[in-house]
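Residue-level structure breakdown
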Amino acid sequence: MVASYASIASKEDLLAADAARDIALCGRSLDTAASVRSDLVSSGAHEPTPTPYFVLEELLGKLDLTADDRLLDVGCGTGRVLAYAASRLPCRATGVELDAHLARAASSWTASFPQLSVIAGSVLDISLAPYTCFYLFNPFDTAVLTHFLDKAEREAARPFALVHMSDNGESFAYQGRSGWRLVRSGSIQMFQTASGRNIKFYEFPQHYSVWHYEGVR
């Protein structure tokens, strides 16, 4: 458990601890109240939502990534996943963000970290060839997800890992696709304090699935 979580007693405490960690790492809070622009909604984009550090520890901290890996955060917002990667992961990490304002916010602080980078634009328009791991926190609707998975199968380095989290988990989008193997899945709703008390963080459980894609033989 992160040291700043030791005295957590409420969701508000947890959010404050994450903001303090953001500031220590990046010089600013990475939380955002920004709403996704209407033109981006029509493109299938969802609301930008920073992932809490305790969730990232559960989902990315258990992947055994190495210095040879390259992580892509799809829909990076202001860069919470990149901040986690800079502090806890040995690999390089890139964020891609459709909203130019949020991409600029992420770029403004990641410029100080040589292992981090930010791309403004659509993940469907960039090459996925360099990446060995993808993180998706409900960045877009199922139609766009299907296009993304098709593109990842064609372009990304093999084998690659993919972590997907959302309220419904989207696991149905992966079923029936050749070459995919479900490594683990579950849901996160509560944060467990140092004393063992559970604090509700999400109103509804957020389901996750971790996949490996090894290609079609």
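Residues numbered from 1 in each chain as written. Predicted model: local features only at pLDDT ≥ 70, side-chain atom pairs only at ≥ 80, totals over all residues. Heavy atoms only, no water.

**Brief notes about the pattern of salt bridges**
Per the counting criterion, the structure on display carries 9 salt bridges. For the salt bridge of Glu214 with Arg181, the shortest nitrogen-to-oxygen distance reads 3.5 Å. Pair noted here: Glu214 is in the segment after β9 (206-213) and Arg181 is in strand β6 (residues 180-188), with a separation of 33 residues, a long-range link. Connected via shared salt-bridge partners are Asp18, Asp22 and Arg80. (Salt bridge = Lys/Arg side-chain N within 4 Å of Asp/Glu carboxyl O. Helix = DSSP H or I, 4+ residues; strand = E, 2+ residues; numbered from the N terminus.)

**Structural notes on the environment of Phe160**
Relative to the helices and strands, Phe160 resides in strand β5 (residues 160-166). With 53 residues separating them along the chain, Phe160 and Tyr213 place their C-alpha atoms 5.4 Å apart. Aside from chain neighbours lying at most four places away, what touches Phe160 is Tyr131, Thr132, Phe134, Ala152, Trp180, Trp211, His212 and Tyr213. (Contact = heavy atoms within 4.5 Å.)

**So, helix α1 (residues 11-26)**
For α1, spanning 16 residues, the distance from its first C-alpha to its last is 22 Å, which sits close to the expected 22 Å at 1.5 Å a residue. Those residues of α1 that fall on the buried side of the exposure criterion are Leu14, Ala17, Asp18, Arg21, Asp22 and Cys26. Each buried residue of α1 lies within a common arc of 145 degrees when the element is viewed along its axis, so the set occupies one face. Across from the buried face of α1, at angles greater than 90 degrees, the exposed residues are Glu12 and Ala24. (Expected span 1.5 Å × (residues − 1). Buried < 20%, exposed > 50% of the residue type's maximum accessible area, 1.4 Å probe, protein only. Arc of directions from axis to C-beta.)

**Observations concerning the pairing of strand β4 (residues 133-137)**
Burial analysis of β4 places 5 of its 5 residues in the buried class, the great majority of the element. The side-chain alternation of β4 yields two buried faces, one formed by Cys133, Tyr135 and Phe137 and the other by Phe134 and Leu136. Bridge analysis of strand β1 (residues 70-74) against β4 gives 4 bridges, and the strand direction is parallel. Bridge pairing links Val74 to Leu136 in β4. Alignment of β4 against β5, held across 5 bridges, turns out to be parallel. The partner of Cys133 across the bridge, within β5, is Ala161. (Pairing = 2+ DSSP bridges.)

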